Amino acid sequence: MTIFICTNCGYGSASWYGKCPNCNQWHTLIENSSFEKNSTVKKESLKKVKIVSLDKITTKTLSRTKTGVYEFDRVVGGGLTEGETILLSGEPGIGKSTLVLQILQNLPCLYISGEEAAEQVKNRALRLGVNLKNFLFSSDLQVEGIIEVAKEIKEKIKVLVIDSIQTVYSKDVEGITGGISQIKETTKKLVEFAKKNLLTTIIIGHITKEGDIAGPKTLEHYVDCVLNFEGEKLSDYRLLRTTKNRFGTTDEIGVFQMTEQGLKEINNPLVFINQNKDNPPGKAIVGINEGKRPLFFEIQTLVVPTVLAVPRRVVKGMDYNKVLLLLAVAKKYLFLSLDKFDVYVNVVGGVSIKSPTADLGLIASLYSSIKNFSLPVDSFFIGEVGLLGEVRPVFFEQKIISEGKRLGFKKSFSSVNLSNINQIKNYLVK
Ligand code: TYD
Ligand code: MG
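Novice: Just checking my understanding: could you explain the site of ligand 1 for this structure?
Specialist: Within the structure, ligand 1 sits among 16 residues, and Gly93, Lys96, Ser97, Thr98 and Thr259 are positioned closest to it. At a separation of 3.0 Å, an oxygen atom of ligand 1 approaches a polar side-chain atom of Arg124. Take Gly262: an N or O atom from its main chain is 2.9 Å from an oxygen atom of ligand 1. Burial of ligand 1 by the protein amounts to 74% of the accessible area it has alone, namely 560 Å². Residue assignment for the shell around ligand 1 shows that the elements contributing at least two residues are helix H3 (96–103), helix H4 (118–127) and strand S13 (253–259). No other element matches H3, which puts three residues into the shell around ligand 1. Its residues assigned to classes, the shell around ligand 1 comprises four nonpolar, seven polar and five charged.

This is the structure:
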């Protein structure tokens, strides 16, 4: 049977379309002949699988290299591991290339850039104080060619950087550079090469705010470590977070500030909080344990009467479905009739909160907005909220509470003083 495959998104169909029904690109469907060798399993006879006893397998401890950027080393689990492939993703302009140049400060590398010319990279590297002696550069973008050269010089370098995966291509597949079939093939080849030759490889990938379907998200299962660099371009602060890490945990977070001299490492857990002290309805501070240290964030919720049949829920910085669930819990246990209201939720600073520890704070800010009363000044919230409205203790609760006290907060709300969310009512102030 002939099938047609979209060279942009990989969509397969028995009939040809001028416009791909999946990604809406024009003239991207081609007959599958060129794809067959990569993706189709031929009919074959029964083959028994080979088995081996694990105690006969010899293992090698992979060595780690510290980059000297403490926040980065901590997030990846103690430095770069040899042979690992790291996918560093983030929006264009957020600071990915800058971060990579800084971690290469003293590491010999081969840097492939399809984004910037050699002079541009050199100027920036000089400004950031990178040692240029062992910094090899190319703007040639065929992945097979890159791998061939990296193989020849692998004794001389510690890291291979691809900036960005959307600009390199493989000679072996058809499809637009940056399209799904190209970025999958190039990533697969780079990962295989990195493993075999024990060369750490960093792949930079652009994603858009919407999460971009045809983007690096689809590459996450090929690589060993996925780092996301996030923040708002208008604010200087950036968060580095792992969502996958074969050689470490995924709960460490790195905090940076973009300055004239590049990225500065930040230790202050209050950087994401608006420093002005006023406390309008809808604002709640949450304390969260991220890896080894607490961080504080500001959640803002705006609840306004809707003009629509189905009210709007717009969420930035938290999981959308989680917010819907918490709205349902609030509806039942705080007796809020939310069906006639639009709800907008935002986390200040362009960062996102993944931890359930922020549940209680979200509910408090929602309640505060809809009642048009403020939450107590200098207070913060910690706690996971269950489907019955109960406030659950979280790991390291006591540690976050004492850290909050030390930083000048006067009151904390958690499972210690609230057993159910309906007790929030007692604390609103005009
Ligand atoms: P960049 O690393 O190029 O972003 P990405 O690779 O993610 O697209 O950096 C983007 C911005 O950072 C750029 O607009 C300029 C700013 N910047 C500074 O403010 N200070 C610096 O020292 C550097 C190198 C960049
Ligand atoms: Mg860049």
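Novice: Teacher, can you tell me more about the sheet that holds strand S14 (residues 262–265) here?
Specialist: Note on sheets: strands pair through backbone hydrogen bonds, and any given pair is parallel or antiparallel. Strands sit in the order S8-S7-S9-S10-S6-S11-S12-S13-S14 across an open sheet of nine strands; the sheet is mixed. Both outer strands of the open sheet, strand S8 (135–138) and S14, are each paired with one neighbouring strand and no more. Taken over all neighbouring pairs, the strand axes of this sheet differ in orientation by 25° on average, direction set aside.

Novice: Sorry if this is basic, but what is going on with the side chain of Ser170 here?
Specialist: One can find Ser170 in the loop between strand S9 (159–163) and helix H6 (180–197). Apart from residues lying up to four places away in sequence, Ser170 is in contact with Val143, Glu144, Gln182, Glu185, Thr186 and Lys189.

Novice: Would you explain the packing of aromatic side chains in this entry?
Specialist: Remark: the centre distance and the inter-plane angle together describe each pair of aromatic rings, the angle taken between the planes. Under the criterion given, the structure shown has eleven aromatic pairs. Measuring from ring centre to ring centre gives 5.6 Å for Tyr111 and Phe135, while their planes differ by 25°; the resulting arrangement is stacked. Pair noted here: Tyr111 is in strand S7 (residues 109–113) and Phe135 is in strand S8, with a separation of 24 residues, a long-range link. For the pair Tyr111 and Phe135, one class covers both residues: buried. Seen from their ring centres, Phe413 and Tyr427 are 4.8 Å apart, and the 70° between their planes marks the pair as edge-to-face. Of this pair, Phe413 sits in strand S22 (residues 411–413) while Tyr427 sits in the segment after S22; the two residues are 14 residues apart in sequence, bridging distant segments of the chain. Tyr427 sits in the partly exposed class, given a relative accessible area of 26%. An aromatic cluster is present here, built from Tyr111, Phe135 and Phe137 joined pairwise through their rings.

Novice: Explain the sheet that holds strand S1 (residues 4–6) to me, please; I cannot follow it from the model alone.
Specialist: With antiparallel pairing, three strands are arranged side by side in an open sheet as S2-S1-S3. Among the strands making up the open sheet, the edge pair consists of strand S2 (12–13) and strand S3 (29–31). Summarising the sheet, S1 and S2 pair through two bridges and their orientation is antiparallel. Note that in S2 the partner of Phe4 across the bridge is Ser13.

Novice: Help me out: how do you make sense of the packing of helix H5 (residues 143–152) against H6 in this one?
Specialist: A pair of packed helices is characterised by two quantities: the angle between their axes and the separation of those axes. Closest axis-to-axis distance for the H5/H6 pair is 10 Å, and the angle between their directions is 10°. Between H5 and H6, the angle falls in the class roughly parallel. Contact with H5, carried on its side by Val143, Glu144, Ile147, Ala150 and Lys151, involves Thr186, Lys189, Leu190, Phe193 and Asn197 of H6 and no other residues of that element. Tallied by class, residues from the contact of H5 with H6 come to five nonpolar, two polar and three charged.

Novice: In this structure, what is going on with the side chain of Ser374? I would like to understand it.
Specialist: Within the secondary structure, Ser374 sits in the loop between helix H8 (359–371) and strand S19 (379–381). Setting aside its immediate chain neighbours within four residues, Ser374 contacts Asn279, Pro280, Pro281, Ser368, Leu428 and Val429.

Novice: Looking at this structure, how should I read a nonpolar patch on the surface?
Specialist: There is a patch of nonpolar side chains on the surface, built from Val52, Leu54 and Ile57 and spanning about 320 Å² of accessible area. Within the fold, Ile57 resides in the loop between helix H1 (33–39) and strand S4 (64–65). The partly exposed category is assigned to Ile57, whose relative accessible area is 42%.

Novice: Help me out: how do you make sense of the pairing of S14 in this one?
Specialist: A regular strand carries its side chains on alternate faces of the sheet. By the bridge criterion, four bridges tie S13 to S14 in an arrangement that is antiparallel. Bridged to Phe256 within S14 is Glu265. Adjacent in sequence and paired antiparallel, S13 and S14 are bridged by two residues.

About the criteria used
The numbers attached to residues start from 1 for each chain and follow its sequence in the written order. Whichever chain is written first is A, and whichever ligand is written first is 1; the rest continue in order. Where totals are concerned, whole chains, interfaces and linings use all residues; where local detail is concerned, this predicted model gives features only for residues with pLDDT of at least 70, and gives and counts side-chain atom pairs only at 80 or more. Processing note: side-chain calculations cover all non-hydrogen atoms of the structure and skip hydrogens and water entirely. When at least one non-hydrogen atom of a residue lies within 4 Å of a molecule or strand, that residue is treated as near it. We define a polar contact as two N or O atoms separated by no more than 3.5 Å, with the added condition that, inside protein, one atom must be a possible hydrogen donor and the other a possible acceptor, whereas residues neighbouring each other in sequence contribute only through side-chain atom pairs. The protein chains shown are the only cover counted for residues, whose accessible areas, like all others here, come from Shrake-Rupley with a 1.4 Å probe. By the criteria applied, helices consist of DSSP H or I runs no shorter than four residues and strands consist of E runs no shorter than two, each listed in order from the N terminus. Each residue gets one of three labels, nonpolar for Ala, Val, Leu, Ile, Met, Phe, Trp, Tyr, Cys and Pro, charged for Asp, Glu, Lys and Arg, and polar for the others, Gly among them. Two strands are counted as paired when DSSP detects at least two bridges linking them. Here an angle of 0 to 180 degrees is reported between the N-to-C directions of two axes, which are lines fitted to C-alpha atoms, with helices fitted over the stretch in contact. Whether two residues touch is decided by their heavy atoms; if any such pair falls within 4.5 Å, the residues are in contact. Aromatic pairing here means that ring centres of Phe, Tyr or Trp (its six-membered ring) are within 6.5 Å. Orientation follows from the plane angle: under 30 degrees is stacked, over 60 is edge-to-face, and everything else is tilted. Throughout this description, buried means an accessible area under 20% of the type-specific maximum (1.4 Å probe, protein chains only), exposed means over 50%, and partly exposed covers the range between. Roughly parallel refers to an angle under 35 degrees, roughly antiparallel to one over 145, roughly perpendicular to one between 65 and 115, and oblique to any angle outside these ranges. Exposure above 30% relative accessible area and no salt bridge define the residues that can form patches, which grow by joining like charges within 9 Å and nonpolar side chains of Val, Leu, Ile, Met, Phe, Trp and Tyr within 5 Å. What counts as a salt bridge is simple: a side-chain nitrogen of Lys or Arg found within 4 Å of a carboxyl oxygen of Asp or Glu.

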